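Listed below are the residues making up each chain.
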Amino acid sequence: YMAHFNAPKFYVELMDNTVERFNTVVAASFGASVAIFCAVAALGFLTFGGNCAGLILNNYSTKDGVMGLSRVAVAISIVFSYPLIFVG
């Protein structure tokens, strides 16, 4: 949801930029995003069943070091993606 304001910039930078080609790229990108989201959601549900929390990382133990690193990685991703709103 953070890239819509950059669409004109992406269109200009697209090689052989036509509206049809841009629509194809956008559709493929959304399709890939939905596929990845569905795969992660399905794996989370298969792992934890109906007791799955909204944030999948909250299902893991706070003592699990790898999941601790995952939580830090998510936090870093959020902090450093926020400034992208102001670029473009």
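Residues numbered from 1 in each chain as written. Predicted model: local features only at pLDDT ≥ 70, side-chain atom pairs only at ≥ 80, totals over all residues. Heavy atoms only, no water.

J.: For this particular structure, what's the right way to read the overall build of the chain?
T.: If you tally the helices and strands in the chain, you get three helices and zero strands. Tracing the chain from N to C terminus, the helices and strands come up as α-α-α. Relative to the compact-globule value of 12 Å for 88 residues, the chain shows a C-alpha radius of gyration of 18 Å, a clear excess of over 25%. A principal-axis box enclosing the C-alpha atoms of the chain has dimensions of 50 × 30 × 15 Å. Burial statistics for the chain: of 88 residues in total, 7% are counted as buried. Contacts in the chain between residues far apart in sequence, at least 24 positions, make up 24% of those at least 6 positions apart. For the chain, the accessible surface area stands at approximately 7100 Å², while carbon and sulfur atoms represent 72% of it. When the 4 basic and 4 acidic side-chain charges of the chain are each reduced to a single mean position, those positions are 16 Å apart. (Helix = DSSP H or I, 4+ residues; strand = E, 2+ residues; numbered from the N terminus. Rg over C-alpha atoms; globule rule 2.2 N^0.38 Å. Buried < 20%, exposed > 50% of the residue type's maximum accessible area, 1.4 Å probe, protein only. Contact = heavy atoms within 4.5 Å. Areas by Shrake-Rupley, 256 points an atom, 1.4 Å probe, with all protein chains shown as cover. Lys, Arg positive; Asp, Glu negative; His and termini not counted. Charge placed at Lys NZ, Arg CZ, Asp CG, Glu CD.)

J.: How should the environment of F22 be read in this particular structure?
T.: As for its placement among the helices and strands, F22 is situated in helix α2 (residues 19-48). Look at F22 and you get buried, because its relative accessible area is 17%. For the pair F22 and G68, spaced 46 residues apart in sequence, the C-alpha to C-alpha distance is 39 Å. Leave out the neighbours within four places in its chain, and F22 touches A7, F10, Y11 and L14.

J.: Looking at this model, I keep getting lost on α2. Mind explaining?
T.: Working note: α-helix, 3.6 residues per turn, so residues spaced by three or four point in the same direction. Its 30 residues place the ends of α2 43 Å apart at the C-alpha level, agreeing with the 44 Å of an ideal helix rising 1.5 Å per residue. One or two steps after α2, the chain reaches G49, where phi turns positive at roughly 65°. (Expected span 1.5 Å × (residues − 1).)

J.: Would you mind showing me how to read a nonpolar patch on the surface here?
T.: On the surface, a nonpolar cluster with roughly 420 Å² of combined accessible area is contributed by F5, Y82, I85 and F86. Look at F5 and you get partly exposed, because its relative accessible area is 32%. (Patch = residues over 30% accessible without salt bridge, like charges linked within 9 Å, V, L, I, M, F, W, Y side chains within 5 Å. Salt bridge = Lys/Arg side-chain N within 4 Å of Asp/Glu carboxyl O.)

J.: Mind showing me how you'd approach the packing of aromatic side chains here?
T.: Per the counting criterion, the structure on display carries two aromatic pairs. Considering the side-chain rings of Y11 and F22, the 5.5 Å spacing of their centres and the 85° angle between planes classify their relative orientation as edge-to-face. Placement of Y11 in helix α1 (residues 7-13) and of F22 in helix α2 is noted, with a sequence separation of eleven residues between them. Residues F48 and Y60 carry aromatic rings whose centres are separated by 5.1 Å and whose planes lie at 85° to one another, so their mutual orientation is edge-to-face. Here F48, found in helix α2, pairs with Y60, found in the loop between α2 and α3 (65-81); they are twelve residues apart in sequence, far enough to count as distant. A residue is classified by how much of its surface remains accessible, and F48, at 23% relative accessible area, is partly exposed. (Phe/Tyr/Trp six-rings, centres within 6.5 Å; stacked < 30°, edge-to-face > 60°.)

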